[in-house]
Amino acid sequence: MSAWVYRLFFRLLNSFLILPAFRIGLGRMVSNPITGRVMVLILKGRKSGRTRYTPVGYAIINGKIYCYRGERSQGAWYLNLLAEPHIEVMLPGGRIKGHAEEVADDEEKFAALREILKNGGLSGFVYGFNPWTVDEDVLRERMRGVRVVRINPAGPLT
């Protein structure tokens with residue numbers, strides 16, 4: 001399948017299932033081991049200033065939340081996040097505020113990527129390997145251009 005078909009599928013899925021579920025408090029129903037762990041980033045548009053909601057896969061490691069922007073994704077949310085790193089996040093169990101930044105350290109980046117992909121349910125296999133068993137060198141080669149974001153929570157869940 002071509003990339004635009006995947007983008008269209010996920011745009012529709014996010015608009016008509018994921019976001020409505022989170023908005024009415026059913027985030028735990030759509031964020032699970034089969035469909036994948038999903039959170040919703042609440043960002044300010046860098047050009048429009050409007051509030052934007054973006055579902056992304058994530059992992060929590062040592063109290064920090066990690067997500068990634070794929071190498072081939074358009075990533076408007078990523079550019080919005082870089083422009084305004086103070087964000088709000090809807091997790092399945094509640095909301096938090098935090099400060100986001102790109103992960104520069106390769107060890108941290110690839111460890112987080114592996115966990116995010118393992119948390120991705122069936123979508124964790126989209127890169128053509130099993131995230132649970134893939135060799136570290138293969139993971140690093142295939143995910144080289146991917147950007148990883150760390151969100152440092154500013155407080156407990158609300």
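Anything mentioned here points back to the structure above.
Keep in mind that what you see is a predicted model, and the values were worked out from it rather than measured. (Residues numbered from 1 in each chain as written. Predicted model: local features only at pLDDT ≥ 70, side-chain atom pairs only at ≥ 80, totals over all residues. Heavy atoms only, no water.)

Trainee: Lay out the sheet that holds strand S3 (residues 59–61) in plain terms, naming residues and giving numbers.
Mentor: The strand order across the open sheet formed by 7 strands is S2-S1-S5-S6-S7-S4-S3, and the pairing between neighbours is antiparallel. Strand pairing shows two members of the sheet lacking a second neighbour, strand S2 (51–57) and S3, which therefore form its edges. Sheet twist, expressed as the average angle between the axes of neighbouring strands with direction ignored, equals 35°. Where strand S6 (residues 94–102) lies against strand S7 (residues 147–153), 5 bridges are found, and the strand directions are antiparallel. Note on S7: the bridge partner recorded for Glu102 is Val149. The strands that helix H3 (residues 76–83) touches are strand S1 (38–44), S2, strand S4 (64–69), strand S5 (86–91), S6 and S7; relative to S1, the one it contacts most, it runs at about 55°. (Pairing = 2+ DSSP bridges. Helix = DSSP H or I, 4+ residues; strand = E, 2+ residues; numbered from the N terminus. Axes fitted to C-alpha atoms, helices over the stretch in contact; angles between N-to-C directions. Contact = heavy atoms within 4.5 Å.)

Trainee: With reference to specific residues and values, describe unusual backbone geometry.
Mentor: A positive phi angle, near 50°, is found at Asn62, a position not held by glycine. With respect to the helices and strands, the residue Asn62 is situated in the loop between S3 and S4.

Trainee: Could you give me a rundown of the packing of aromatic side chains, with the residues and numbers involved?
Mentor: Applying the stated criterion across every chain yields a total of 3 aromatic pairs. Between Trp77 and Tyr78 the ring centres are 6.1 Å apart and the planes differ by 85°, which places this aromatic pair in the edge-to-face class. Comparing Trp77 with Tyr78 shows no difference in burial state: the two are buried. Here the aromatic rings of Tyr127 and Phe129 are separated by 6.5 Å at their centres, their planes lie at 25°, and the arrangement is stacked. Owing to a relative accessible area of 27%, Tyr127 belongs among the partly exposed residues under this scheme. (Phe/Tyr/Trp six-rings, centres within 6.5 Å; stacked < 30°, edge-to-face > 60°. Buried < 20%, exposed > 50% of the residue type's maximum accessible area, 1.4 Å probe, protein only.)

Trainee: I'd like to hear about H3, residue by residue, with values.
Mentor: Of the positions making up H3, those classed as buried are Trp77, Tyr78, Asn80 and Leu81. Looking straight down H3, one finds its buried side chains confined to an arc of 160°; they lie on one side. Against S1, S2, S4, S5, S6 and S7 lie the buried residues of H3. (Arc of directions from axis to C-beta.)

Trainee: Explain the pattern of salt bridges to me, using residue names and the numbers behind them.
Mentor: Throughout the structure, instances matching the rule amount to 9 salt bridges. A salt bridge links Arg147 to Glu102; its shortest N-O distance comes to 3.7 Å. With Arg147 in strand S7 and Glu102 in strand S6, this pair connects stretches of sequence that are 45 residues apart. With a closest N to O distance of 2.7 Å, Glu108 and Arg150 form a salt bridge. With Glu108 in helix H4 (residues 106–119) and Arg150 in strand S7, this residue pair connects regions lying 42 residues apart in the sequence. Among the residues examined, Glu108 registers a relative accessible area of 22% and is labelled partly exposed. (Salt bridge = Lys/Arg side-chain N within 4 Å of Asp/Glu carboxyl O.)

All we've got here are geometric facts, nothing functional implied.
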